[in-house]
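Listed below are the residues making up each chain.
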Amino acid sequence: MRTRTQVGIVGAGPAGLLLSHLLALRGIDSVLVEIRSREYCEARQRAGVLEDGSVTLLREAGLAGRLDREGLEHGGIYLQFDGERRHIDFRELTGGRTVTVYAQTEVVKDLIARRLADNGAVEFGVTGTEVSRLDTGQPRLSYTDASGTRHDVDCDVIAGCDGFHGICRPAIPAGALTTWEREYPYAWLGILADVPPSTDELIYAHHQSGFALHSLRSLSVSRLYLQVAPDADIAQWPDDRIWAELSRRFELPGWTLQQGPVLDKSITPMRSFVSAPMRYGRLFLAGDAAHIVPPTGAKGLNLALADVAVLAPALVALLRGDDTLAADYSATCLSRVWRSTHFSWWMTTMLHRSPGADEMEAQLQLSQLRYVASSTAAATSLAENYTGFAIASRPSGSA
Ligand code: FAD
Ligand code: DHB
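Residues numbered from 1 in each chain as written. Chains lettered and ligands numbered in written order. Predicted model: local features only at pLDDT ≥ 70, side-chain atom pairs only at ≥ 80, totals over all residues. Heavy atoms only, no water.

A. Region of the structure containing the site of ligand 1. Around ligand 1, the structure places 34 residues, and the nearest of them are Glu34, Arg44, Gln104, Asp288 and Leu301. Between ligand 1 and the protein, one listed contact pairs an oxygen atom with a backbone N or O atom of Gly48 at 3.2 Å. One of the backbone nitrogen or oxygen atoms of Leu301 is found 2.6 Å away from an oxygen atom of ligand 1. Within the complex, 91% of the 1,000 Å² of free accessible area of ligand 1 lies under protein. Elements supplying a minimum of two residues to the shell around ligand 1: helix H1 (14-25), strand E17 (222-228) and helix H8 (300-319). (Near = heavy atom within 4 Å. Polar contact = N/O pair within 3.5 Å; in protein donor to acceptor, adjacent residues only side chain to side chain. Areas by Shrake-Rupley, 256 points an atom, 1.4 Å probe, with all protein chains shown as cover. Helix = DSSP H or I, 4+ residues; strand = E, 2+ residues; numbered from the N terminus.)

So, in structure tokens, the structure goes:
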């Protein structure tokens with residue numbers, strides 16, 4: 001079946017869903033296709049921390065009703081190392097900036113509900129997604145819908161919001177992209193647990209056995225992560241072993257980690273990846289399709305939202321015949337992407353134990369952690385990066 005839309009969007013993650021909503025607010029129609037089911041997208045456990053700017057963006061887009069009721073505003077984090085737990089006070093260090101704990105699952109549920117309520121064209125469970133004719137004025141998005149009908153959608157523009165393993169970035173001729181990549185020699189085992197959090201704010205713990213993170217989803221559900229080997233087999237991590245290891249890494253006199261039923265368990269590899277530019281002809285990449293950060297800095301979801309906040313007005317102008325903002329899109333986003341890539345790398349390497357690392361590395365990490373916890377300048381740098389910078393800064397360079 002041959003149809004037409006203004007913007008074809010691949011991927012119903014936070015980037016694709018928010019883009020379709022921001023475009024609809026500006027009167028632009030889109031067709032969004034997603035390989036997974038709605039239920040799968042809404043249940044996929046991932047990020048949990050929204051920067052100040054992401055909350056403002058969602059609020060301004062009329063999407064923050066539940067976020068404002070249920071999100072938990074945090075004014076800092078704890079860094080734990082060398083048998084101590086030290087508080088980094090974001091409010092004090094940044095003149096009032098905070099982050100909000102609100103799960104990516106909830107952001108995605110809110111976005112899907114709103115797109116469907118607004119009669120947005122969202123197709124779940126598609127197969128055979130292809131993008132073609134990218135360097136013409138009329139690119140094409142093709143897919144087979146859940147009932148088996150093949151669609152060819154002629155578009156003015158295509159947005160590749162299909163994550164790191166999607167089909168859009170590989171559709172760009174190899175010579176047109178430069179990529180940078182680093183794989184880390186560890187992974188995160190994440191659990192969702194039906195137990196009230198044992199902390200009021202997130203704990204990032206450095207331990208000689210490896211990193212651990214205590215986060216939360218609500219006042220009754222906890223989210224915890226454990227550094228494991230990159231080839232770790234989840235079958236080797238029964239719940240008792242996970243809780244014992246978490247308790248060991250968070251151990252502090254007078255404090256106990258509360259345990260409860262494990263609701264979800266998964267292992268995530270750690271990678272930094274940037275590809276540039278984020279545009280090829282009439283194809284624009286956004287979110288994890290263009291860049292990946294290791295999760296330690298809580299940046300991936302926030303970068304995905306920031307990209308489409310820049311992309312939506314650029315596409316509106318482009319569809320009116322003005323390419324100025326679209327020409328700046330890649331450089332505008334990449335300056336923020338590289339800042340987050342550096343911050344995530346810095347947090348990751350400061351807190352994780354590399355396999356085979358010697359005592360020298362541990363001492364260097366501990367020295368850095370002591371410095372961050374005791375110097376206002378160093379703590380301010382962490383706080384400023386963690387809470388995030390204003391969205392849509394002007395480009396300060398290319399790549
Ligand atoms: P995705 O969410 O990956 O969405 C892409 C969508 O495209 C998917 O729904 C996929 O099914 C679909 N798709 C793929 N291929 C096709 C195709 N061929 N056709 C149609 N659809 C397709 N970030 C933070 O900011 N803070 C955090 O605290 C944080 N913690 C994290 C913890 C974990 C364990 C993980 C795994 C990630 C974490 N992140 C965090 C990162 C964050 O989850 C991602 O950066 C974010 O999901 C990126 O959004 P996106 O829309 O770009 O991509
Ligand atoms: C969460 C994930 C992160 O990567 C992080 O740095 C902080 C919190 C979370 O899932 O809650």
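Don't stop here, the text continues.
B. Quick peek at the site of ligand 2. With respect to spatial proximity, 15 residues lie near ligand 2, and among them Tyr204, Ser215, Arg217, Tyr225 and Pro295 are the closest. Within the side chain of Arg217, an N or O atom sits 2.7 Å from an oxygen atom of ligand 2. Between ligand 2 and Pro295 there is a distance of 2.6 Å, counted from an oxygen atom to a backbone nitrogen or oxygen. Taken by itself ligand 2 offers 300 Å² of open surface, and the protein chains cover 96% of this. Going through the elements one at a time, strand E16 (212-216) and E17 are the ones with two or more residues in the shell around ligand 2. Here the shell around ligand 2 is built from residues that sort into nine nonpolar, three polar and three charged. (Nonpolar A, V, L, I, M, F, W, Y, C, P; charged D, E, K, R; others polar.)

C. Local environment of the side chain of His207. By the element assignment, His207 lies in the loop between strand E15 (203-205) and E16. One polar contact links the side chain of His207 to the main-chain amide nitrogen of Ser209, over a distance of 2.9 Å. Each residue touching His207, except ones within four places of it in the same chain, is listed here: Arg248, Arg249 and Arg353. (Contact = heavy atoms within 4.5 Å.)

D. Representation of the sheet that holds E16 within the structure. Taken together, the eight strands give an open sheet; going across it, the order is E7-E6-E15-E16-E17-E14-E18-E21, and neighbouring strands pair in mixed fashion. Sheet topology places strand E7 (84-89) and strand E21 (291-292) at the edges, where each strand pairs with a single neighbour. Contacts from helix H9 (residues 324-351) reach strand E14 (178-193), E15, strand E18 (262-276) and E21 within the one sheet, and its direction differs from that of E18 by about 125°. With respect to the sheet, helix H11 (residues 376-387) is in contact with strand E6 (76-81), E7 and E15, its orientation differing from that of E6 by roughly 125°. (Pairing = 2+ DSSP bridges. Axes fitted to C-alpha atoms, helices over the stretch in contact; angles between N-to-C directions.)

E. How the structure looks around the nonpolar core. Counting 73 residues, the largest nonpolar core has Leu18, Leu19, Leu23, Leu50 and Leu141 as the members making the most contacts within it. Here the element with the most residues in this core is H8; it accounts for 13 residues. Counting 35 residues, the second-largest nonpolar core is a separate cluster that includes Ala298, Trp346, Met347 and Leu366. (Core = buried A, V, L, I, M, F, W, Y, C linked by side-chain atoms within 4.5 Å. Buried < 20%, exposed > 50% of the residue type's maximum accessible area, 1.4 Å probe, protein only.)

F. Examining the pattern of salt bridges more closely. Applying the stated criterion across every chain yields a total of 21 salt bridges. Note that Arg2 and Asp154 form a salt bridge whose closest N and O atoms lie 2.8 Å from each other. Taken together, the residues span a long stretch of sequence, with Arg2 in strand E1 (residues 2-4) and Asp154 in strand E12 (residues 150-154) at a distance of 152 residues. The exposure class assigned to Arg2 is exposed, which follows from its relative accessible area of 57%. In this structure Asp154 comes out as buried when scored by relative accessible area, which is 6%. Across the pair Arg271 and Glu183 runs a salt bridge, and its minimum N-O distance is 3.4 Å. Taken together, the residues span a long stretch of sequence, with Arg271 in strand E18 and Glu183 in strand E14 at a distance of 88 residues. Exposure remark for Glu183: the relative accessible area of 55% places this residue in the exposed category. Connected through salt bridges with shared partners, the residues Arg66, Glu70, Glu106, Lys109 and Asp110 form a single ionic network. (Salt bridge = Lys/Arg side-chain N within 4 Å of Asp/Glu carboxyl O.)

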